[in-house]
Amino acid sequence: DAGITQSPRHKVTETGTPVTLRCHQTENHRYMYWYRQDPGHGLRLIHYSYGVKDTDKGEVSDGYSVSRSKTEDFLLTLESATSSQTSVYFCAISDSEHTEAFFGQGTRLTVV
Amino acid sequence: AQKVTQAQTEISVVEKEDVTLDCVYETRDTTYYLFWYKQPPSGELVFLIRRNSFDEQNEISGRYSWNFQKSTSSFNFTITASQVVDSAVYFCALSELRYSSASKIIFGSGTRLSIRP
C-alpha cells in the first residue's frame with residue numbers, strides 16, 4: 001500500500017472555527033491532491049500540488065487554502081468552517097502526470 | 001475544460017448478471033489518461049485501471065473488462081458474472097497531460113452498483 005496518512009481521521013468542529021487537515025506521504029511523490037466526497041457529487045477536487053510550494057485550485061476551492069512546505073506534507077485549512085464543509089476529505093498522491101493516484105483513508109469532518 | 005460524466009447514478013442487478021458502467025469524458029487535449037476506481041462499503045478508494053489516449057486496445061482482467069472508444073469519448077467498464085463482492089461505488093477519472101501547467105485528476109460523480117444475491 002502507498003504510504004499515505006491522513007490526520008485526524010474524524011473531527012467535529014463548530015461553525016466559524018479554523019480547521020487544518022494533514023496529509024503525509026512517505027513515497028516522495030510529486031503530486032498531492034485534496035478531494036471532498038459528498039453524496040451525489042462524487043469526488044471533487046479542492047486543491048492540488050505539483051511540488052513544494054507549488055499549488056493550484058481545483059473545482060471547489062472557495063473557503064479552503066493549502067500549503068506544501070515539504071514534499072511529504074500537504075495541509076488543507078478551512079479558515080472559518082461552515083456547515084457546508086461537512087464532508088469526507090480524501091488526500092491522494094501520484095508520481096507524475098500520467099500515473100494513477102493513491103488515496104488516503106479519508107477524514108470525516110462534521111461542522112456543527 | 002476536462003469533464004467526466006457518469007450518467008448512471010445507481011445500478012442494481014442480480015448476482016451472475018453482466019453489468020456495464022458508462023463513462024463519458026470531455027477534453028481538449030490529445031494526450032490524456034483515464035482511470036477507474038472502486039470504493040467498497042468500507043470506504044477506501046482502490047485503483048483498478050489506467051489507460052492512455054493512444055492505446056485504444058480493450059483490456060480484460062478476470063471478470064473485469066474495459067472498452068475505450070475515442071470516437072465516442074467513452075471508457076466503459078463491464079463486470080461479467082457479477083458477484084456480491086462487486087457491490088461498490090465506481091468512479092471514472094480523467095487526467096490531461098499538460099506541458100505548460102500542472103495536470104490534475106478529475107473524477108466523475110460515481111455509479112453505485114448493488115449486486116443482489
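The residue count restarts for each chain, going from 1 along the sequence in the order it is written. By the order in which they are written, chains take letters starting at A while ligands take numbers starting at 1. Two thresholds apply to this predicted model, a pLDDT of at least 70 for residue-level local features and 80 or more for giving and counting side-chain atom pairs, whereas whole-chain, interface and lining totals are computed over all residues. To get the side-chain values, take all heavy atoms of the structure and skip hydrogens and water.

K.L.:
I'm lost on the environment of Cys-91 of chain A in this one. Help?
P.N.:
Residue and element names in this part refer to chain A. By secondary structure assignment, the location of Cys-91 is in strand 9 (residues 87–94). Counting along the chain gives 41 residues from Cys-91 to Tyr-50, while the straight-line C-alpha distance between them is 14 Å. Residue contacts are counted whenever heavy atoms from the two residues lie within 4.5 Å of one another. In this structure, Cys-91 is in contact with Ile-4, Gln-6, Cys-23, Met-32, Tyr-33, Trp-34, Phe-102, Phe-103 and Gly-104, ignoring residues within four places of it in sequence. Labels follow the DSSP assignment, with helices taken as runs of H or I lasting at least four residues and strands as runs of E lasting at least two, numbered in each case from the N terminus.

K.L.:
Where do I start with the packing of aromatic side chains in this structure?
P.N.:
Between two aromatic rings, the relevant description is the distance of the centres plus the angle of the planes. Here the aromatic set is Phe, Tyr and Trp, taking the six-membered ring for Trp, and pairing holds for ring centres within 6.5 Å; pairs whose planes are under 30 degrees apart are stacked, those over 60 apart are edge-to-face, and all others are tilted. Inspection of the entire model under this criterion finds 23 aromatic pairs over all chains. With a centroid separation of 6.4 Å and an interplanar angle of 65 degrees, the aromatic rings of Phe-102 of chain A and Phe-47 of chain B are classed as edge-to-face. Here Phe-102 of chain A, found in strand 10 (residues 102–103), pairs with Phe-47 of chain B, found in strand 6 (residues 46–52), and the two come from separate chains. For each residue, the accessible area found with a 1.4 Å probe, counting protein chains only, is set against the maximum for its type, and the residue is called buried under 20%, exposed over 50%, and partly exposed in between. Residue classification places Phe-102 of chain A among the partly exposed residues on the basis of a relative accessible area of 33%.

K.L.:
What's the story with the side chain of Lys-38 of chain B in this structure? I'm lost.
P.N.:
Residue and element names in this part refer to chain B. With respect to the secondary-structure elements, Lys-38 resides in strand 5 (residues 32–39). Only four residue types enter the tally: Lys and Arg on the positive side, Asp and Glu on the negative side, with His and both chain ends excluded. Salt bridges, as used here, are contacts in which a Lys or Arg side-chain nitrogen is within 4 Å of a carboxyl oxygen on Asp or Glu. As a buried residue without a salt bridge, Lys-38 has its nearest oppositely charged side chain in Asp-86, at a separation of 4.6 Å. Counting of polar contacts relies on pairs of N or O atoms within 3.5 Å, with two restrictions inside protein: one atom must be capable of donating a hydrogen and the other of accepting it, and residues adjacent in sequence are counted only when both atoms are side-chain atoms. A polar atom in the side chain of Lys-38 sits 3.2 Å from the backbone oxygen of Val-85. Once residues within four sequence positions are removed from consideration, Lys-38 is found in contact with Glu-44, Leu-45, Val-46, Leu-48, Tyr-64, Val-85, Asp-86, Ala-88, Val-89 and Tyr-90.

K.L.:
Before we go on, may I ask you to explain the side chain of Ser-53 of chain B in this structure?
P.N.:
Residue and element names in this part refer to chain B. You can see Ser-53 is positioned in the loop between strand 6 and strand 7 (59–61). What makes Ser-53 buried here is its relative accessible area of 1%. From its side chain, Ser-53 meets the backbone oxygen of Thr-30 in a polar contact 2.9 Å long. Apart from residues no more than four positions distant in its own chain, Ser-53 is found in contact with Thr-30, Thr-31, Tyr-32, Phe-68 and Lys-70.

K.L.:
Looking at this structure, how should I read the pairing of strand 8 (residues 73–78) of chain A?
P.N.:
In regular strands, side chains alternate between the two faces of the sheet. Counting buried positions along strand 8 of chain A gives five out of six residues, so the element sits mostly inside the fold. Between strand 7 (residues 64–70) of chain A and the antiparallel strand that follows it, strand 8 of chain A, lie two residues. Being paired, for any two strands, means DSSP has found at least two bridges between them.

K.L.:
When you look at the interface of chain B and chain A in this model, what are you seeing that I'm missing?
P.N.:
Many authors give the size of an interface as the accessible area that is lost as the parts come together. Across the contact, 20 residues belong to chain B and 20 residues belong to chain A. The interface formed by chain B and chain A holds one salt bridge in total. The salt bridge partner of Arg-50 of chain B is Glu-100 of chain A, with a shortest N-O separation of 3.9 Å. Taken together, the links from chain B to chain A amount to three residue pairs in polar contact (both at pLDDT 80 or more). Breaking the side of chain B that touches chain A down by element, the ones donating at least two residues are strand 5, strand 6, strand 10 (88–96) and strand 11 (105–107) of chain B. Per-element accounting of the side of chain B that touches chain A gives the leading share, four residues, to strand 5 of chain B.

K.L.:
Looking at this structure, how should I read the pattern of salt bridges?
P.N.:
Pairing between side chains of opposite charge can happen when their charged atoms approach one another. All chains considered together, the criterion is met by eight salt bridges over all chains. When the shortest N-O distance is used, the salt bridge between Arg-51 of chain B and Asp-55 of chain B registers 3.1 Å. For Arg-51 of chain B, a relative accessible area of 6% puts it in the buried group. Between Glu-59 of chain B and Arg-51 of chain B there is a salt bridge, with the nearest N and O atoms lying 2.9 Å from each other. Judged by its relative accessible area of 30%, Glu-59 of chain B is partly exposed. Counted as one network, the salt bridges with shared partners bring together Arg-22, Lys-70 and Asp-73 of chain A.

K.L.:
Which parts of the structure should I look at to understand the state of the cysteines?
P.N.:
What we call a disulfide is simply a covalent bond connecting the sulfur atoms of a pair of cysteines. All names here are of chain B. Here, two cysteine sulfur atoms that lie within 2.5 Å of each other are counted as a disulfide. In total, this model carries two disulfides over all chains according to the counting rule given. In this model Cys-23 forms its disulfide with Cys-92; the gap between the sulfur atoms is 1.9 Å. The disulfide joining Cys-23 to Cys-92 has a torsion of about -65 degrees about its S-S bond and is therefore left-handed. Of this pair, Cys-23 sits in the loop between strand 3 (19–21) and strand 4 (24–26) while Cys-92 sits in strand 10, placing them 69 residues apart in sequence. Given a relative accessible area of 0%, Cys-23 falls into the buried group.

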